[in-house]
Amino acid sequence: MATMMMATSCSKTAQKADGNDDFNYNVDRFADIEVLRYKVPDFENLTLNQKILVYYLTEAAQWGRDILWDQNYARNLDIRNMLEAVYTNYDGDKNDADYKAFETYIKQVWFGNGIHHHYSTDKFIPAFSREFIEGQLAKLPADKAVADSQTLLDIIFDPARDAKRVNQASGQDLIATSACNFYENGLTQAEVEAYYESIKKPNDETPISYGLNTRLKKVDGKVVEEPYKLGGLYGDAIAHIVENLDSAANYAENDAQRQIIRSLIDYYTTGDLATFDRYSIEWAEDTASQVDFINGFIESYGDPLGLTGSWESIVNFKNNEASERTETLSSNAQWFEDNSPVDAKFKKDKVKGVSAKVITAAILAGDAYPATPIGINLPNANWIRAQHGSKSVTLENITQAYDAASQGSGFNEEFVIDQPTIDLLDKYLFITDNLHTDLHECLGHGSGKVMPGREDALKAHGSTIEEARADLFALYYLADPKLVELGLLDNPEAYKAEYYKYILNGLMTQLMRIEPGKDVEEAHMRNRKIIAEWAFEHGKDNNVIELVERDGKTFVKINDYEALRGLFGELLAEIQRIRSTGDYAAAEAMVEKYGVKVDPALHKEVLERYATLDIAPYKGFVNPVYTPVRDKDGRITDVTVSYTEGYPEQMLRLSRDYNGLKAK
Ligand code: ZN
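Residues numbered from 1 in each chain as written. Predicted model: local features only at pLDDT ≥ 70, side-chain atom pairs only at ≥ 80, totals over all residues. Heavy atoms only, no water.

Chemist: How should I be thinking about the overall build of the protein in this particular structure?
Modeler: Summing up its helical and strand segments, the protein has 24 helices and 15 strands in all. Its C-alpha atoms give the protein principal-axis dimensions of roughly 70 × 60 × 60 Å. Per-residue burial over the protein gives 60% buried out of 664 residues. With the model as given, the accessible surface of the protein reaches about 25,300 Å², and the carbon-plus-sulfur share is 48%. Computed over 71 positive and 106 negative side-chain charges, the inter-centroid distance for the protein is 2 Å. (Helix = DSSP H or I, 4+ residues; strand = E, 2+ residues; numbered from the N terminus. Buried < 20%, exposed > 50% of the residue type's maximum accessible area, 1.4 Å probe, protein only. Areas by Shrake-Rupley, 256 points an atom, 1.4 Å probe, with all protein chains shown as cover. Lys, Arg positive; Asp, Glu negative; His and termini not counted. Charge placed at Lys NZ, Arg CZ, Asp CG, Glu CD.)

Structure representation (C-alpha cells):
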C-alpha cells in the first residue's frame, strides 16, 4: 500500500537538515502539474559496493518504464513515439499557440505515463488542432514516419473514446468501461469475476495474489491468463530488468539480500506467484540491509478490480538518524494494538514484526514516477503481513522536497481560519504530518485482523476502506499522550495541527483536484472525504467542527479537538468492523454517503480561491542521474550523482535509452 501526499500545497515550516540551501527544487510547471527535483543526501557516504548496488538497481528500475505505459493503455507507447517524433523534429515558432498547447499535452502525457491523468485517470484533452499535428507529421523525415497515425489521432481527439483509465462508478461494468490494458477488449466484469472464483482454492490460508502479474484474454471463448515474465508478456523489458538485477546481486550487502534478488529473478523468470510470495517473505524479513528496493507488479490501484499490479520500482537506503522515530513506534506496536478503540475480536493478539524506517529515495520509477508516494507499506498479501510482518517506509527526502518547494505559497493565509491556527501549523505540521505517515504505515495497515475468507469481500471499495482504517488509526493515536511519553512530540497540543489540516483538506481543499461537475473517485481522496464528512456530521450536535462564513468565504473551525479525537476513535471501530467482517453493504453505504458527492457551491468556491494562488494541485519529480566512473579496465570505481537534468530532457532520454518494448 502506498500513501500519497495529502495536501500537496499546505505550507509548513521546513526542518531542512542542511539549512537554507540554494538547491533548485522547481523544475517545470504546466497544466495542473508542478515538477520538482529531490536531493539524495548522504549518497556520497555509502560504501563503493553500496553505490554500485544502488546503480544497478536504478538501471533495473528504469527498464520497467515501458511496461507501465503499456499496462496503462494498449496504444500508449505508439502515441508516445508519435508525440516525441513531432516534439524533437519541430523547427517552427515555439511561441505558436498550437505548439505551446502541444508542448503542454506531451508534458501531461509524460507525467501520466500515458494519455490519461495519473490521478483522475481521465483522458487528457488536447488544446492544439488536429491540423497542426497532421501538418507536423507530414514534415517528418521518412525514417521517422509514424505508422497508423490516423488511428492514434482518432484516439487523442475523440473525447468519448477510452475516456477513463480506471472507472470506479458503481453499477457499471468496471472492466468494459475502463481503458487500462489489464483485460483484453471485450471481456466483461462478470466473466473476469467468474474466472477468478473458479480458480480460487477454498479455505486457502496462504492464497497467492490472484491476477497480480497477468493480463486476461479470451482464447476460443475461454478466459486465460497471460503472465508477465521472461519469454512471456513484457519479456523483452523484463530481460533487461533481470540482467541488471543479476549485476546488482554481485554487490549485495549480505547473503540475505543476495537471496532476495535471486528470488525476484526466479519470479520474473517463471511468473510463478508462489515464488513471488517467497520473495516477499524474504524481503519483509530483511531488516538488516541499508540499501533496499522494490521492483515489480506491486500496487493494484490501476486495476478497477484491484487485482493486477502496476509495474513500479523505488530504490532507497536507510536514513539511520530519522529512523529512530519509526523504530520507537514499531517497538511499541503491541501497546498501540492493545489500546486501540476497536472491538477486541478484531485485534491481533500478537502484532508481528512491524518494521519501520525512514528512507532516502535514490530513484523513483514506473508507477512511482513522476508522481510518487511518500510512504509505502509492503508486502500487500495479508497472510504474509500476519505471519512474517511487513516493512513500512517514509520517504523523507521526498517530503522534504515537497515542503521546501511550497514555502510562501499563500495557502495558509487564504484557507486557514486565524493567525493562532496558522502559527500552530507553522510550528507543528511538519512533524505531525511525518508522524501521521509513520503511524499510518508502520502501525495502521498492520493492525487488526480480517475474518477467514473475507479478504476480498469489499471488492472495489477495498482500497478506500483500508486507507481510511490506516488514516484513522494514525489520527486517533496522534493525540495520544503516549507520543509525548515516547519522546516523539514535545507538546501534547501538537496533534491539533494535523487535525486541523486533515479536516480542512477532507472537507474543502482537496476539492481543488476535482474538475467542476465531477465526483471524488480516487481511493485516498475518498477515504479523506469520508473521515472528514463523517466527523463533521456526527459532531454537529456538539458543534465539534464548524464551517464559518466570513466575507463570502468558508472557513473550517474546530471547536473541540478532544471530541474530534473521540469521533475518530468511533469511526475507526466501525471501519475496522467493516474490514474485519467484509461487510460490503456497509462499505458501499459509507463510501456513497460520505466519499463521493461534492457540494457544487463549495467546490466552486475552493477552485476560485485556489486559482488566485497559482499552486499546482499535483506534484511529481525528475530523478537525479547516476553515472558510473570506470577505470581503464572498465571496473566501476565510483558512482556520481547529478541534479541538472530538465523534465523533457529526462523523459526523452528514458524513451531513447530504456525502450524495453517495441511499439506495436
Ligand atoms: Zn496507506
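Chemist: Sorry, what's going on with the pattern of salt bridges here?
Modeler: Should their charged atoms come close, side chains of opposite charge can pair. Under the criterion given, the structure shown has 45 salt bridges. Put simply, arginine 75 and aspartate 78 hold a salt bridge, and the shortest N to O gap is 2.8 Å. One salt bridge connects glutamate 485 with lysine 482, and the closest N-O pair in it is separated by 3.4 Å. Linking glutamate 485 with lysine 482, this pair stays in helix 18 (residues 481–485), spanning three residues, or about one helical turn. Looking at glutamate 485, the relative accessible area reads 61%, which means it is exposed. (Salt bridge = Lys/Arg side-chain N within 4 Å of Asp/Glu carboxyl O.)

Chemist: I would appreciate a short explanation of the coordination of the zinc ion in the present structure.
Modeler: Each angle at a metal carrying four tetrahedral donors should ideally be 109.5 degrees, and each at a metal carrying six octahedral donors should ideally be 90 or 180 degrees. In the first shell of the zinc ion, the protein supplies His440 (NE2), His445 (NE2) and Glu467 (OE), at 2.1 to 2.2 Å from the metal. All donor residues of the zinc ion come from one chain, and their arrangement in sequence is H-x4-H-x21-E. Here glutamate 467 lies in helix 17 (residues 462–478) and histidine 445 lies in the loop between helix 16 (419–444) and helix 17, a separation of 22 residues in the sequence. With relative accessibility at 2%, the residue histidine 445 sits in the buried group. (Donors = N, O, S within 2.8 Å, 3.2 Å for Na, K, Ca; no water.)

Chemist: What's the story with the packing of aromatic side chains in this structure? I'm lost.
Modeler: The geometry of an aromatic ring pair comes down to the distance between the two centres and the angle between the two planes. Summed over the entire model, instances satisfying the criterion amount to 38 aromatic pairs. An angle of 75° between the planes, with centres 6.4 Å apart, marks the rings of tyrosine 268 and phenylalanine 297 as edge-to-face. In this pair, tyrosine 268 sits in helix 9 (residues 255–270) while phenylalanine 297 sits in strand 6 (residues 291–299), placing the two residues 29 residues apart along the sequence. The pair formed by tyrosine 268 and phenylalanine 297 is uniform in burial state, with each residue classed as buried. Look at phenylalanine 336 and tyrosine 477: their rings are 4.7 Å apart centre to centre, the planes differ by 85°, and that puts the pair in the edge-to-face class. Of this pair, phenylalanine 336 sits in helix 12 (residues 333–338) while tyrosine 477 sits in helix 17, and the two are 141 residues apart along the sequence. Each member of the pair, phenylalanine 336 together with tyrosine 477, is buried. Linked through ring pairs, Tyr90, Tyr99, Phe102, Tyr105, Phe128, Phe132 and Phe157 together constitute an aromatic cluster. The ring of tyrosine 584 carries lysine 459 above its face, with NZ or CZ at 5.6 Å from the centroid. (Phe/Tyr/Trp six-rings, centres within 6.5 Å; stacked < 30°, edge-to-face > 60°. Lys NZ or Arg CZ within 6 Å of the ring centre and 35° of its normal.)

Chemist: So what exactly am I meant to see when it comes to the pairing of strand 15 (residues 636–642) here?
Modeler: Looking along a regular strand, one sees side chains alternate from face to face of the sheet. As paired strands, strand 14 (residues 625–630) and strand 15 are joined by six bridges and run antiparallel to one another. Its bridge partner being in strand 15, threonine 627 is matched across the sheet by threonine 640. Between strand 14 and strand 15, which follow one another and run antiparallel, lie five residues, and glycine 634 among them has a positive phi close to 90°. (Pairing = 2+ DSSP bridges.)

Chemist: How do you make sense of unusual backbone geometry when you look at a structure like this?
Modeler: Most peptide bonds adopt trans geometry, and most residues besides glycine take a negative phi value. Along the chain, tyrosine 369 connects to proline 370 via a cis peptide bond; the corresponding omega equals -5°. Summarising the element assignment, proline 370 is placed in the loop between strand 8 (354–366) and strand 9 (375–378). Between leucine 378 and the following residue, proline 379, the backbone shows a cis peptide bond with an omega angle of 0°. On the secondary structure map, proline 379 appears in the loop between strand 9 and helix 13 (382–388). One non-glycine residue, tyrosine 234, lies in the positive phi region at around 65°. Relative to the assigned elements, tyrosine 234 resides in the loop between strand 5 (222–227) and helix 8 (235–249). Residue tyrosine 234 is classed as buried on the basis of its relative accessible area of 5%.

Chemist: Whenever I open this one, the pairing of strand 12 (residues 553–558) confuses me. Can you help?
Modeler: Of the strand pairs in this sheet, strand 11 (residues 545–550) and strand 12 are connected by six bridges, and their pairing is antiparallel. When the bridges of strand 12 are listed, glutamate 546 appears paired with lysine 557. Hairpin connection from strand 11 to strand 12: two residues lie between these consecutive antiparallel strands, with aspartate 551 at a positive phi of about 50°.

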